[in-house]
Amino acid sequence: MKISFTLSQMKQFNSLTADERERFITTCETLSQMPDEAIDNYEPDSQSPAMVAEVHAGMKRRVAAARRRRSLREKQAPAAPHCEAPEPLDNTLTPAGEADVRVNVDESKAKAAAWVRTNYNRFVDRVVEVIGMLGNGDVAQALTQTWQTLTKAIYDSITPLIMVAESFMHKPRSARRVPRTYDISPELYAAMLGA
């Protein structure tokens, strides 16, 4: 956890002896690397400067505030989208004999999907601007139409993946540390494409 000091604390620090400064710095380094639970249970050393108690009290307030925010976010988390993928299944075949669509999601892939959702149209438009350098001739129109048709088909095809990634990102942070695999039936995937 990052530790910041007030001007008043810096003045107090300057008034400490060299030994007290060393103990203060060592203690602050230790505190900054502690997990939240350890910060709650930490008891300053009796030989530590009084400033350590001030810094520790500030850290405890920040930890408590972070917990309140986390609890509030979990209570107010939006309901999972109606198209959330089912829990992973074993590698069985669907009744129609087709293999399930396997989707592997981790936090970095989910963030990439969010980036694509936000920036895809902007990217498509930039390429159209570059094609516009050809003017309004037949070649430019054909290229533009081909590009837009192709990129729309790609975006429509990856939209279900983006939806699965979004449902993954709605999970609490602790649940997102572990990658998840979703097996989606081809019928559900096709329905998601049509959504």
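Residues numbered from 1 in each chain as written. Predicted model: local features only at pLDDT ≥ 70, side-chain atom pairs only at ≥ 80, totals over all residues. Heavy atoms only, no water.

(A) The arrangement of the pattern of salt bridges in detail. Counted according to the given criterion, the structure contains 7 salt bridges. Notably, a salt bridge pairs Arg117 with Glu166, separated by 2.5 Å at the nearest N-O pair. Placement of the pair is Arg117 in helix α5 (residues 107–131) and Glu166 in helix α6 (residues 138–169), with a sequence separation of 49 residues. For Lys152, the salt bridge identified is with Asp156, shortest N-O distance 2.7 Å. Pair noted here: Lys152 and Asp156 are both in helix α6, with a separation of 4 residues, about one helical turn. Shared partners join several salt bridges into a network, and the residues in it are Glu107, Lys111 and Arg176. (Salt bridge = Lys/Arg side-chain N within 4 Å of Asp/Glu carboxyl O. Helix = DSSP H or I, 4+ residues; strand = E, 2+ residues; numbered from the N terminus.)

(B) Main features of the environment of Ala64. Among the structural elements, Ala64 can be located in helix α4 (residues 50–76). Ala64 sits 28 residues away from Asp36 along the chain, and the two C-alpha atoms are 8.8 Å apart.

(C) Expanded view of a positive patch on the surface. There is a patch of like positive charges on the surface, built from Arg68, Arg69, Arg73, Arg173 and Arg177. Top contributing element to the positive patch by residue count: α4, with 3 residues. (Patch = residues over 30% accessible without salt bridge, like charges linked within 9 Å, V, L, I, M, F, W, Y side chains within 5 Å. Areas by Shrake-Rupley, 256 points an atom, 1.4 Å probe, with all protein chains shown as cover. Lys, Arg positive; Asp, Glu negative; His and termini not counted. Charge placed at Lys NZ, Arg CZ, Asp CG, Glu CD.)

(D) Representation of α5. The terminal C-alpha atoms of α5, which comprises 25 residues, lie 35 Å apart, in line with the 36 Å expected from a rise of 1.5 Å per residue. Taking the largest bend as the criterion, α5 deviates by roughly 50 degrees, centred on Asn119. Taken together, the buried positions of α5 are Glu107, Ala110, Ala113, Asn119, Tyr120, Val124 and Ile131. Check the buried side of α5 and you find it contacts β1 (101–105), α6 and α7 (173–176). (Expected span 1.5 Å × (residues − 1). Bend = angle between axes of the 7 residues up to and from the residue. Buried < 20%, exposed > 50% of the residue type's maximum accessible area, 1.4 Å probe, protein only. Contact = heavy atoms within 4.5 Å.)

Purely geometric stuff here, so don't read any function into it on its own.
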